[in-house]
Amino acid sequence: RMCPDSQGSAQEQFLRVTKQYLPHVARLCLISTFLEDGIRMWFQWSEQRDYIDSTWNCGYLLASSFVFLNLLGQLTGCVLVLSRNFVQYACFGLFGIIALQTIAYSILWDLKFLMRNLALGGGLLLLLAESRSEGKSMFAGVPTMRESSPKQYMQLGGRVLLVLMFMTLLHFDASFFSIVQNIVGTALMILVAIGFKTKLAALTLVVWLFAINVYFNAFWTIPVYKPMHDFLKYDFFQTMSVIGGLLLVVALGPGGVSMDEKKKEW
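Because the structure is a prediction, the values reported are computed rather than measured. (Residues numbered from 1 in each chain as written. Predicted model: local features only at pLDDT ≥ 70, side-chain atom pairs only at ≥ 80, totals over all residues. Heavy atoms only, no water.)

### Quick look at the layout of surface pockets
- There is about 520 Å³ of room inside the second largest pocket.
- Arg-40, Gln-48, Tyr-51, Tyr-105 and Tyr-234 are, among the 15 residues lining the second largest pocket, the residues nearest its centre.
- By residue number, the principal contributor to the lining of the second largest pocket is helix α10 (residues 227-252), which donates four residues.
- Of the residues that constitute the lining of the second largest pocket, the class distribution is eight nonpolar, three polar and four charged. (1 Å grid on protein atoms, 1.4 Å probe; cavity = no way out; pocket = protein on both sides within 12 Å on 5 of 7 lines; lining within 4 Å. Points joined across faces, edges and corners; volume = space filled by probe spheres on them. Helix = DSSP H or I, 4+ residues; strand = E, 2+ residues; numbered from the N terminus. Nonpolar A, V, L, I, M, F, W, Y, C, P; charged D, E, K, R; others polar.)

### Concerning helix α9 (residues 198-216)
- For α9, built from 19 residues, the straight-helix expectation of 27 Å at 1.5 Å per residue is met to within 8% by its first-to-last C-alpha distance of 26 Å.
- Considered for burial, the residues of α9 that qualify are Thr-198, Ala-201, Ala-202, Leu-205, Val-206, Leu-209, Ile-212 and Asn-213. For α9, the arc enclosing every buried residue in end-on projection is 145°, short of the 170-degree limit, so these residues lie on one face. In α9, those exposed residues whose orientation departs by more than 90 degrees from the buried face are Leu-200, Val-207 and Tyr-215. (Expected span 1.5 Å × (residues − 1). Buried < 20%, exposed > 50% of the residue type's maximum accessible area, 1.4 Å probe, protein only. Arc of directions from axis to C-beta.)

### Re empty space enclosed by the protein
- Using the criterion set out here, one finds one cavity of 30 Å³ or more in the structure.
- What the largest cavity holds in volume is close to 70 Å³.
- Lining the largest cavity are Thr-33, Phe-34, Asp-37, Gln-74, Ile-98, Gln-101, Asn-117, Leu-120, Tyr-234 and Gln-238.
- Looking at the lining of the largest cavity, the elements with two or more residues in it are α1 (2-43), α4 (87-104), α5 (111-133) and α10.

### Let's talk about the packing of aromatic side chains
- Tallied over the full model, the rule gives eleven aromatic pairs.
- Between the aromatic rings of Tyr-215 and Phe-216, the centroid separation amounts to 4.9 Å while the plane-to-plane angle is 90°, which identifies the pairing as edge-to-face.
- Ring pairs connect the aromatic residues Phe-219, Trp-220, Phe-236 and Phe-237, which therefore count as one cluster. (Phe/Tyr/Trp six-rings, centres within 6.5 Å; stacked < 30°, edge-to-face > 60°.)

Spelled out as structure tokens, the structure:
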């Protein structure tokens, strides 16, 4: 009898400890790409404006407005998310920025970037789900299926979108390392998407993705004046944002629409 109780209390203690810091780390990672891009808009104002103007032939004023909207929208959204004020409005604003950039930078036609932007949207969905659950702590431990139903589907949508990031990392060649990476990565993606052993699978993906990110997107090794520096920097922080989304999965759990939750009913 003592064994299950001690295991249960150990698990509860672990969740209590992680709840104190994990959501904060997750949010910081999640908004990192927006923070980096907002700062980039500030320091590369002229280049970004000229690029939009030449691509869309929209004129100086509209191009400047686009850059200003990106700068203000992203930095304001980051401040609101980190300060935990008006988080839902911040998430909707950042969703708008993703949609705007997807069209403006023709990401819609680049499958890799499109999937990464969708994964980023998945992270924001999880953040939105987390913000919906706040303020209901007085009912902690009491099942509230009707109230939390939208939250559960947000968590499902967020998990499914997050795994799109890993589909862009699959390498289709015959090397042993690539085959192992593809098999393990695909298995972990499926586990997170269906919500089975979710926290363990998500945490494993966090470690794996972080290692890949540091190895392949080491922008600090490239001189600042080279275009590759900016490209790798953008990729690095976008990947960090997906890591933030996965950390939210670890912190929040998979939600009601998952195999982990259904197992409790069995």
